Amino acid sequence: MIESAYPIVEVPDMEAAMRFYRDGLGATVTYRYPPEGEPLFATLQTGSSQLGLGRADGATAGEGAGILLWFYVDDVDAVTTSLAEAGFLVVEEPEDSEWGERVSLVSDPFGTRVRLGQPIAPQPDEE
């Protein structure tokens, strides 16, 4: 069911987070979105592991950042439905993202947010 796991630290200030994780700890940026301008999201390589940094407007400096777990699964719709049928909270139903992944958001029994993702073919621009 799960193909891989990916932790994401949600932060109120991407520039400060990049200074800490990239500049301070020496992590390498391997992906950023959007590719130009201020990033809303970045993937950092740390040794053999990856860590995501995502801007979260509701996060507050000094209170600690939120943690979002991301699991790549083989079928977002089926896994989301299975979790809902088992009584777990579905926060966001599956939908196609603009960056080319189908995603949903669920919550574990303790309130940890878990994003489910699955790559999809890029959508052609509508004219």
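Residues numbered from 1 in each chain as written. Predicted model: local features only at pLDDT ≥ 70, side-chain atom pairs only at ≥ 80, totals over all residues. Heavy atoms only, no water.

Visitor: What is the right way to read the sheet that holds strand S5 (residues 66-73) from this model?
Guide: Consider a sheet: its strands pair through backbone hydrogen bonds, and that pairing is either parallel or antiparallel. Strands sit in the order S2-S3-S4-S1-S5-S8-S7-S6 across an open sheet of 8 strands; the sheet is mixed. At either end of the open sheet lies a strand with only one pairing partner, and these are strand S2 (28-33) and strand S6 (90-96). Strand-to-strand twist across the sheet, computed as the mean angle between neighbouring axes with direction ignored, equals 25°. With 5 bridges joining them, S5 and strand S8 (residues 113-119) adopt parallel strand pairing. Note on S8: the bridge partner recorded for phenylalanine 71 is leucine 116. Packing of helix H1 (residues 14-24) onto the sheet brings it into contact with strand S1 (2-11), S2, strand S3 (41-46) and strand S4 (49-55), and relative to S4 it is tilted by some 160°. Its contacts with the sheet place helix H2 (residues 76-85) against S5, S6, strand S7 (101-107) and S8, and it is angled at close to 15° to S7. (Pairing = 2+ DSSP bridges. Helix = DSSP H or I, 4+ residues; strand = E, 2+ residues; numbered from the N terminus. Axes fitted to C-alpha atoms, helices over the stretch in contact; angles between N-to-C directions. Contact = heavy atoms within 4.5 Å.)

Visitor: Just to check I follow, could you spell out the pattern of salt bridges for this structure?
Guide: Opposite charge on two side chains allows them to pair when their charged atoms are near. What the rule picks out here adds up to 7 salt bridges. One salt bridge connects glutamate 92 with arginine 115, and the closest N-O pair in it is separated by 2.7 Å. Placement of glutamate 92 in strand S6 and of arginine 115 in strand S8 is noted, with a sequence separation of 23 residues between them. Exposure remark for glutamate 92: the relative accessible area of 31% places this residue in the partly exposed category. By relative accessible area, which is 15% here, arginine 115 ends up buried. (Salt bridge = Lys/Arg side-chain N within 4 Å of Asp/Glu carboxyl O. Buried < 20%, exposed > 50% of the residue type's maximum accessible area, 1.4 Å probe, protein only.)

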